[in-house]
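The chain contents come next:
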Amino acid sequence: MSSYLDAARPETAPAGTSRFRPAIHFTARDTWLNDPNGLVFYDGLYHLFFQNNPYGNVWGNMSWGHATSRDLLHWTEHPVAIACDETEDIFSGSVVVDHGNTSGFGTADAPALVAIYTSAYKAASEHSGTQAQSLAYSTDAGMTWRKYEGNPVLTRNSANFRDPKVFRYQGDQGACWVMVAVEAQHQKVVFYRSEDLKSWDFLSDFGPANADAGEWECPDLFPLAVDGDPGNIKWVLIVNINPGAVAGGSGGQYFIGHFDGARFLPDAGSLAAPAGLASLDPKAGSAALQQCLWLDWGRDCYASVSFSNAPDDRRIIIGWMNNWDYANELPTAPWRSSMTLAREVRLTAANGSARLIQQPVLADLCAGEELPTAKDQMNADTFELRNSALRLPDAVPGSAQIIEAEILPGSAERFDFRLFGSSDGSEGTILSYNTTSAQLILDRRQSGNTCFHGKFASVESAPVDLENGVLKLLIVVDHCSVEVFVQGGKVVLTDLIFPETENPENWLSAEGGSATILKLAVSTLT
Ligand code: FRU
């Protein structure tokens, strides 16, 4: 195998230049990617490390790829940060800024960035067959990395102990590092603590709970103030699951509760079935699964985790925009797979507990000088749509399209956005709201190329209540994806699509009565 690391490095991925290449979502230039890893903000840059096959565009040779951004929309790819070798693959994990130099890898003035990753040991290793947690560190602000010679730093002699997310916990007794990781096949999140990132003590575990019909992977744990109230802090525990998510295959669920520095206690309101999991029907879309809390109700948002050290204590997550059901077969080349948009998460009070709300980061978190600006295509005032259809501005190649709508369904039974539609109506991705069932539905069965895998053609749905009779949608369409943020981000639905029609059209229609469109704005972002 020639060394990719020795070869000339990829330049910035040419956004929007090849068919399906998104404009504002990260893709590697010509290789495979899966989970976001080591998300960290440092010295004005957002770093995105990611599961990467440096040698090809299917899963394998897992290493940490690397990209940076100032605005979370446009990324520059850098050389592989942490490479696999003959003894280990580098599986998912996180990065912290070791401000206090607790590890001794840096200095108090120039803190090291420390990566905590899973060593997936190969046959050539003395640890063969196990997964354990290891360290690598950077003393040049994240650009180059060295593995710690004392690896692994934490083992359980388990074949499925992985995906460490580490954060600084400040408790009454002082501060320490806390790790959340998984025993994937036992549907358990495990919690450890450390003073120096090198020596770890077991604290507790959590699970199984709620959706548990697949492996638990890529957990995260962080506090947020409910509705911004610093006197009401709740903890969010993210647990990704594959398969067994609400839309089928991979997806992310979360729990709301309390973390006391040792143990996570879920609020009763965040448990779908207190007795646990066996009682949950693992069939995609089942009523029981719909009672769990989902980060995303679509097919293509997995392994979401949050940035550490983000500015202004904001909590920003990124997911992998794909699904293990068909991930290796997506019809793109030479790259394969992309990340979701960065999403800022907040908590709002609900049902005696709290619920996450998510907003895509489209400009406001820009750490650079130049703010990306959207170009308006349409901005309509209130009008009625009665059993009729309205043509919306076309997508512009090389740009993402942002559609904002506020709709009062009135007497209409349903209304549909038809995205990337062909003029003869045979092709299109249909996003509908059904007023009778109060469901938002995304149907990609006729979205274009769906035949590359038998599980790709699908219809997703999420329960959505109108608020004061109104449905609010923010839809971001970017060449091969549709991300829908509903009711200010209380419900999110993300699906990939691979449209084939030459001159795609966008339409909005109301059926079975009259709907009032209170707001309809369409813009493009490059
Ligand atoms: C999730 C996952 C992780 C693992 C990584 C390997 O997609 O399976 O659990 O660390 O991918 O690439």
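Residues numbered from 1 in each chain as written. Predicted model: local features only at pLDDT ≥ 70, side-chain atom pairs only at ≥ 80, totals over all residues. Heavy atoms only, no water.

A. Spotlight on the environment of Met-62. Mapped onto the fold, Met-62 is located in the loop between strand E2 (45-53) and strand E3 (63-69). When residues no more than four places from it in sequence are discounted, the contact partners of Met-62 are Trp-32, Asn-34, Gln-51, Asn-52, Asn-53, Cys-84, Asp-89, Ile-90 and Phe-91. (Helix = DSSP H or I, 4+ residues; strand = E, 2+ residues; numbered from the N terminus. Contact = heavy atoms within 4.5 Å.)

B. Just the pairing of strand E7 (residues 131-138), in detail. With 8 of 8 residues buried, E7 lies mostly within the body of the structure. Along E7, one buried face is formed by Gln-131, Gln-133, Leu-135 and Tyr-137 and the opposite face, lined by Ala-132, Ser-134, Ala-136 and Ser-138, is buried too. The sheet contact formed by strand E6 (residues 113-121) and E7 spans 8 bridges and is antiparallel. The partner of Tyr-117 across the bridge, within E7, is Ser-134. (Buried < 20%, exposed > 50% of the residue type's maximum accessible area, 1.4 Å probe, protein only. Pairing = 2+ DSSP bridges.)

C. Structural context of the layout of surface pockets. In this structure, the largest pocket encloses a volume near 760 Å³. Around the largest pocket, the lining is made up of 31 residues, and of these Pro-223, Asn-309, Asp-313, Arg-314 and Arg-315 lie nearest the centre. Contributing elements (two or more residues each) for the lining of the largest pocket: strand E5 (88-97), strand E9 (161-171), strand E13 (215-225) and strand E19 (343-350). In terms of residues, the lining of the largest pocket owes the most to one element, E9, which gives 6 residues. The residue inventory of the lining of the largest pocket, partitioned by class, reads 17 nonpolar, 6 polar and 8 charged. Its boundaries defined by the atoms lining it, the second largest pocket holds a volume of some 600 Å³. (1 Å grid on protein atoms, 1.4 Å probe; cavity = no way out; pocket = protein on both sides within 12 Å on 5 of 7 lines; lining within 4 Å. Points joined across faces, edges and corners; volume = space filled by probe spheres on them. Nonpolar A, V, L, I, M, F, W, Y, C, P; charged D, E, K, R; others polar.)

D. Inspection of the environment of Ser-304 at higher detail. Looking at the element boundaries, Ser-304 is found in strand E17 (residues 302-306). The spacing of Ser-304 and Gly-319 is 15 residues in sequence and 3.8 Å in space, taken between C-alpha atoms. Not counting residues up to four positions away in its chain, the partners in contact with Ser-304 are Cys-218, Ile-238, Asn-240, Leu-295, Ile-317, Ile-318 and Gly-319.

E. Structural context of the domain arrangement of the protein chain. What the domain assignment lists for the protein chain is domain 1 (29-359) and domain 2 (371-525). Summarising the inter-unit geometry, the C-alpha centres of domain 1 and domain 2 are found 31 Å apart. Contact with domain 1, which involves 29 residues of that partner, is made by 30 residues of domain 2. Of the roughly 2,300 Å² buried between domain 1 and domain 2 on both sides combined, carbon and sulfur atoms contribute 63%. One can count 3 salt bridges joining domain 1 with domain 2. (Domains from an automatic or database assignment. Buried area = accessible area lost by both parts, 1.4 Å probe. Salt bridge = Lys/Arg side-chain N within 4 Å of Asp/Glu carboxyl O.)

F. Just the nonpolar core, in detail. Ranked by size, the top nonpolar core spans 63 residues in total, and within it Phe-191, Phe-417, Leu-440, Ile-475 and Leu-520 carry the most contacts. When residues of this core are assigned to domains, at least three map to each of domain 1 (29-359) and domain 2 (371-525). Setting aside residues up to four positions removed in sequence, Leu-520 forms contacts with Met-378, Asn-379, Ala-380, Phe-383, Leu-390, Leu-392, Ile-403, Glu-404, Ala-405, Phe-417 and Leu-508. Counting 28 residues, the second largest nonpolar core, distinct from the first, contains Phe-26, Leu-39, Ala-120 and Phe-307. (Core = buried A, V, L, I, M, F, W, Y, C linked by side-chain atoms within 4.5 Å.)

G. The arrangement of unusual backbone geometry in detail. The omega torsion across Asn-242 and Pro-243 is -15°, close enough to zero to call that bond cis. Position of Pro-243 among the secondary structure elements: in the loop between strand E14 (233-242) and strand E15 (251-259). Residue Pro-334 follows Ala-333 across a cis peptide bond; omega there is 0°. With respect to the helices and strands, Pro-334 occurs in the loop between strand E18 (316-320) and E19. Even without being glycine, Asn-387 reaches a positive phi, approximately 40°.

H. Just empty space enclosed by the protein, in detail. All chains considered together, the criterion is met by 5 cavities of 30 Å³ or more. Put simply, the largest cavity is a space of about 70 Å³. In this structure, the largest cavity is lined by Asp-35, Pro-36, Asn-37, Ser-92, Gly-93, Ser-94, Asp-163, Pro-164, Lys-165, Cys-218, Pro-219 and Val-305. Breaking the lining of the largest cavity down by element, the ones donating at least two residues are strand E1 (32-42), E5, E9 and E13. The residue makeup of the lining of the largest cavity, split by class, is 5 nonpolar, 4 polar and 3 charged.

I. Up close: the sheet that holds E5. Across the sheet, 4 strands lie side by side as E5-E6-E7-E8; this open sheet has antiparallel pairing. Since the sheet does not close on itself, it has two edges, and those belong to E5 and strand E8 (146-147), each with one partner. Pairing between E5 and E6: 9 bridges, direction antiparallel. Each bridged residue has a counterpart across the sheet, and for Ser-94 the counterpart in E6 is Ile-116.

J. Representation of the sheet that holds strand E27 (residues 439-443) within the structure. Spatial strand order, E23-E32-E25-E26-E27-E28: 6 strands in an open sheet with antiparallel pairing. Of all the strands in the sheet, just strand E23 (389-392) and strand E28 (459-463) have a single pairing partner and so form its edges. Strand after strand, the sheet turns through a mean of 15° between neighbouring axes, direction not considered. With 5 bridges joining them, strand E26 (residues 429-434) and E27 adopt antiparallel strand pairing. Looking across to E27, one finds that Ile-430 is bridged to Asp-443. (Axes fitted to C-alpha atoms, helices over the stretch in contact; angles between N-to-C directions.)

K. Examining the side chain of Asn-449 more closely. Within the secondary structure, Asn-449 is located in the loop between E27 and E28. At 3.2 Å, the side chain of Asn-449 and the backbone nitrogen of Cys-451 are in polar contact. Here Asn-449 is in contact with Pro-331, Phe-456, Phe-498 and Glu-500, once residues within four sequence places are set aside. (Polar contact = N/O pair within 3.5 Å; in protein donor to acceptor, adjacent residues only side chain to side chain.)

L. Just the site of the ligand, in detail. The full set of residues close to the ligand is Asn-34, Asp-35, Gln-51, Trp-59, Met-62, Phe-91, Ser-92, Arg-162, Asp-163, Glu-217, Tyr-302 and Trp-324. In the environment of the ligand, an oxygen atom lies 2.7 Å from a nitrogen or oxygen atom belonging to the side chain of Arg-162. Trp-324 is positioned with one of its side-chain polar atoms (N or O) 2.9 Å from an oxygen atom of the ligand. Considering the ligand on its own, with 320 Å² of exposed area, one finds that the protein chains cover 95% of that surface. If you list the elements that add at least two residues to the shell around the ligand, you get E1, E5 and E9. (Near = heavy atom within 4 Å. Areas by Shrake-Rupley, 256 points an atom, 1.4 Å probe, with all protein chains shown as cover.)

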